[in-house]
Amino acid sequence: MRREGSPWQGVGTVFVKELSDHVSSIRMLILELLTFIIGGIVVYVAIDNIRATTAEDPFVLLKLFTSSQSTVVSLLGILTFLIPLMAIALGFDAINGEHNRRTMSRILSQPIYRDALLIGKFLAGLATLGICLVCLWLLVVGLGILLLGIPPSPEEVARSLVFLVITLAYAGTWLAFAIFLSIVTRSAATAVLTALGVWLFMTLLWPMIAPLIAVQIAPPDPRYALLGLQTPETVEWLQMLRRISPNFVFAEAATTLLSPDSRAIGAVYIDQLQGAIIGSPLPLSESLAIVWPQAVALIGGVFVLFVGGYVVFQRQEVRA
Amino acid sequence: MNAPVITARGLTKRYGTATAVDAVDLDVAKGEIFGLLGPNGAGKTTTILMMLGLTEVTGGSIEVLGHDPVRDPLAVKRRVGYLPDQVGFYDNLTAEDNLAYSARLMGIAARDCGARIDEALARVRLSDVARKKVRTFSRGMRQRLGLAEIVMKRAEIAILDEPTSGLDPQATSEFLEMIEGLKRAGVSVLLSSHMLDQVQRVCDRVALFQRGRIVLVGPVAELARQVLGAGFVVEVEADAATDLDARFGAIPGVTSVKRVGGDRYRLTADRDVRPEAARAVVAANGALRRLSVDDPSLETIYSRFFQQQKSPGEGARDAA
């Protein structure tokens, strides 16, 4: 049996309302301040660093994102860490908040499908994150131009824009996860604690656990160890395991995009380097080809998590 | 009876093995106030949610204003207003903004919004708090704001779920007046409640729910005849030297005389027998202190009915 009427009816209204809620909310304000303060400091330090160490580099702008010092991590590192927090903050009470405020049945008794509510809320969250990221991007590029005095080349702008898109996909994955939790749990506190637990696991614990598991699955070969090399199987397993965390996938993609001279992700074999001019940058299209799987994985993650939540939400009882 | 606006035939809802609504047949006529009565958990809210297409129907059919809420919920929800049990609003928005959001979801043209919101708020006497945040509203004000939403929608049917539960007596009577106002405006009203005296005050017809079934339907007076078995109950308080029982029993039309406490008698009759009863007391040289006729109260019907259900055999005839 097919239902009649468009599932899109009301999406725009929900979107605008949620977006204005997000933008004016205190929790968003705090996160924005945090991001910009940290971002500003990190970029400032990076600029100092670049001034001191880099004589000539065609990709100075991109270095702003990746340059790190012993005491200060790179902007990329900060983003990998902070974006999930922002996404969780925006999504953890999307659906259960409506239940708890008892607005759900009233809103759904208006001529809209549930689809509109969920899609509108997701898009509003994504747009909010997008606005934040674009602002941060402009801040970084602007500071770079002002303080370094070098205009960015078209390729740098293109690379950093692709980086922006991938960052948004990464943020979307966490947002979809947070919204999924807000659907399956009835209390916002449970949702936010679960989300933060998973975030901690993916950020801190998994990078520690993954090597242990990799060594168990593929024990290092002593012959490689004698030569001071890592066993290829172990390294491959380690890499695959670490990719379970979206943070790692994002870091892989972002590093490749922002460092044009990285020619592969993970282990590189000698025969792959035959004929390569070490240190020479790859064209953008080649870098894109390298990060394509990562980009697809992140975007795929968004869809899988969103669809999972969608299915549960459609079958859920309106009554609390 | 006018043409029905809501028709249900064999409407059934099962959750797993539990049956919440069991083969309910229901007709709500245009322009009437119809009450759904019953203890909590009897299936009233589930029936309402099925009418709005907010929960799936397990069996049977339902038609609201000629639309099938299962297939075409948007068409139903465009024309039907719903006030859920313990309605919630967005606390951080003003009354006006809350209505504006609903208005946009309803698809009301932007240029009509302002006028319709003002008109609706005036109807429920909330004009002077239109720009106050809903956070500050009392329960009664929220309930009225919910009614304003239905007024603004220009709904043809208003479905109100426990509209007066938790309101103080003053707020309750104000709210019931507003419901009657809806009826005068030509809106059909379906309300569910367990507050019997209120239902009796406003409802044209009622349906009594018990464990997912409708066990009684009709105007209150008719139900009284069915359940209580007689039209009038006259109470007499008088003392006399002689026994009054026999004298009362001799009055034509009186079917039973019961002595309830020292000098109080309860006569059940098929007409108003107050004049005859007074004459009987005087004739017996007694002192008449009180003489009253009970309107059949829904509360009596309700408790009597459920008593009869508990002691089968006695009540089976009346319930049929």
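Throughout what follows, the structure given in this document is the object of discussion. (Residues numbered from 1 in each chain as written. Chains lettered and ligands numbered in written order. Predicted model: local features only at pLDDT ≥ 70, side-chain atom pairs only at ≥ 80, totals over all residues. Heavy atoms only, no water.)

Focus: the overall build of chain A
Part 1 of the reasoning: Each helix and strand counted, chain A has 13 helices and 0 strands in total.
Part 2 of the reasoning: Listed by position from the N terminus, the elements making up chain A come as α-α-α-α-α-α-α-α-α-α-α-α-α.
Part 3 of the reasoning: The C-alpha atoms of chain A give 22 Å as radius of gyration, which agrees with the globular expectation for 320 residues (20 Å, within 12%).
Part 4 of the reasoning: The proportion of buried residues among the 320 residues of chain A is 49%.
Part 5 of the reasoning: For chain A, long-range pairs separated by at least 24 residues make up 80% of all intrachain contacts whose partners lie at least 6 apart in sequence. (Helix = DSSP H or I, 4+ residues; strand = E, 2+ residues; numbered from the N terminus. Rg over C-alpha atoms; globule rule 2.2 N^0.38 Å. Buried < 20%, exposed > 50% of the residue type's maximum accessible area, 1.4 Å probe, protein only. Contact = heavy atoms within 4.5 Å.)

Notes on the overall build of chain B
Part 1 of the reasoning: Scanning chain B from terminus to terminus reveals 12 helices and 13 strands.
Part 2 of the reasoning: With the principal axes as the frame, chain B shows a C-alpha extent of 80 × 45 × 30 Å.
Part 3 of the reasoning: Considering chain B as a whole, with its 320 residues, one finds that 51% of them fall into the buried category.
Part 4 of the reasoning: For chain B, long-range pairs separated by at least 24 residues make up 68% of all intrachain contacts whose partners lie at least 6 apart in sequence.
Part 5 of the reasoning: Counting 43 positive and 41 negative side-chain charges, chain B places the centres of these two groups 3 Å from one another. (Lys, Arg positive; Asp, Glu negative; His and termini not counted. Charge placed at Lys NZ, Arg CZ, Asp CG, Glu CD.)

Regarding the sheet that holds strand 13 (residues 287-294) of chain B
All names here are of chain B.
Part 1 of the reasoning: Read across the open sheet, the 4 strands follow the order 11-12-10-13; overall the sheet is antiparallel. Looking at which strands have only one partner, the edges of the open sheet turn out to be strand 11 (254-259) and strand 13. Put simply, the sheet's adjacent strands are angled 20° from each other on average, direction ignored.
Part 2 of the reasoning: Inspection of the sheet shows strand 11 paired to strand 12 (residues 264-269) by 5 bridges, in the antiparallel sense. Of the residues in strand 12, the one forming a bridge with Lys258 is Arg266.
Part 3 of the reasoning: Its contacts with the sheet place helix 10 (residues 274-283) against strand 10 (232-239), strand 12 and strand 13, and it is angled at close to 165° to strand 13. (Pairing = 2+ DSSP bridges. Axes fitted to C-alpha atoms, helices over the stretch in contact; angles between N-to-C directions.)

Concerning the packing of aromatic side chains
Part 1 of the reasoning: Overall, the coordinates contain 9 aromatic pairs over all chains when judged by the stated rule.
Part 2 of the reasoning: Among the aromatic residues, those joined into a ring-pair cluster are Phe65, Phe163, Tyr170 and Phe250 of chain A.
Part 3 of the reasoning: Over the ring of Tyr113 of chain A we find Arg3 of chain A; its NZ or CZ atom is 4.0 Å from the centre of that ring.
Part 4 of the reasoning: A cation over a ring is seen here: Lys17 of chain A above Tyr90 of chain B, with NZ or CZ 3.3 Å from the ring centre. (Phe/Tyr/Trp six-rings, centres within 6.5 Å; stacked < 30°, edge-to-face > 60°. Lys NZ or Arg CZ within 6 Å of the ring centre and 35° of its normal.)

Focus on the pattern of salt bridges
Residues and elements named next belong to chain B.
Part 1 of the reasoning: The final tally for this structure, using the stated rule, is 31 salt bridges over all chains.
Part 2 of the reasoning: For the salt bridge of Asp27 with Arg9, the shortest nitrogen-to-oxygen distance reads 2.9 Å. Here Arg9 lies in strand 1 (residues 4-15) and Asp27 lies in strand 2 (residues 18-29), a separation of 18 residues in the sequence.
Part 3 of the reasoning: Residue Asp27 is classed as partly exposed on the basis of its relative accessible area of 22%.
Part 4 of the reasoning: We classify Arg9 as partly exposed; its relative accessible area is 38%.
Part 5 of the reasoning: In this structure, Arg142 and Asp91 form a salt bridge, with 3.3 Å as the shortest nitrogen-oxygen distance. Here the residue Arg142 occupies a position in helix 5 (residues 139-153), and Asp91 occupies one in the loop between strand 5 (80-83) and helix 3 (95-106), the gap between them amounting to 51 residues. (Salt bridge = Lys/Arg side-chain N within 4 Å of Asp/Glu carboxyl O.)

Thoughts on the sheet that holds strand 9 (residues 213-218) of chain B
All names here are of chain B.
Part 1 of the reasoning: Ordered in space as 5-6-7-3-8-9, the 6 strands form an open sheet in which the pairing is mixed. Each edge of the sheet is formed by a strand with only one pairing partner; in this case those strands are strand 5 and strand 9. If you compare each strand with its neighbour and ignore which way they point, the axes differ by 15° on average.
Part 2 of the reasoning: By the bridge criterion, 4 bridges tie strand 5 to strand 6 (residues 157-161) in an arrangement that is parallel. Paired with Val80 across the two strands is Ile157, which belongs to strand 6.
Part 3 of the reasoning: Sheet strands touched by helix 5: strand 5 and strand 6. Its angle to strand 5, the strand with the most contacts, is close to 175°.

What to know about a nonpolar patch on the surface
Part 1 of the reasoning: A surface patch of nonpolar side chains, amounting to about 460 Å² of accessible area, comprises Leu200, Phe201, Leu204, Leu205 and Met208 of chain A.
Part 2 of the reasoning: Note that Leu200 of chain A resides in helix 9 (residues 188-217). (Patch = residues over 30% accessible without salt bridge, like charges linked within 9 Å, V, L, I, M, F, W, Y side chains within 5 Å. Areas by Shrake-Rupley, 256 points an atom, 1.4 Å probe, with all protein chains shown as cover.)

Let's talk about the interface of chain B and chain A
Part 1 of the reasoning: Counting from both sides, the interface comprises 34 residues of chain B and, opposite them, 30 residues of chain A.
Part 2 of the reasoning: With both sides pooled, the region where chain B packs onto chain A buries about 3000 Å², and carbon together with sulfur makes up 54% of that total.
Part 3 of the reasoning: By the criterion of area lost to chain A, the three top residues of chain B are Arg71, Tyr90 and Leu105 of chain B, representing 24% of everything that side buries.
Part 4 of the reasoning: Where chain B meets chain A, there are 3 salt bridges.
Part 5 of the reasoning: Glu56 of chain B is paired through a salt bridge with Arg315 of chain A; the nearest N and O atoms lie 3.7 Å apart.
Part 6 of the reasoning: Taken together, the links from chain B to chain A amount to 13 residue pairs in polar contact (both at pLDDT 80 or more).
Part 7 of the reasoning: Those elements that place two or more of their residues in the side of chain B that touches chain A are strand 1, helix 1 (44-51), helix 2 (73-79), strand 5, helix 3 and helix 5 of chain B.
Part 8 of the reasoning: When grouped by side-chain class, the residues that make up the side of chain B that touches chain A number 16 nonpolar, 8 polar and 10 charged. (Buried area = accessible area lost by both parts, 1.4 Å probe. Polar contact = N/O pair within 3.5 Å; in protein donor to acceptor, adjacent residues only side chain to side chain. Nonpolar A, V, L, I, M, F, W, Y, C, P; charged D, E, K, R; others polar.)

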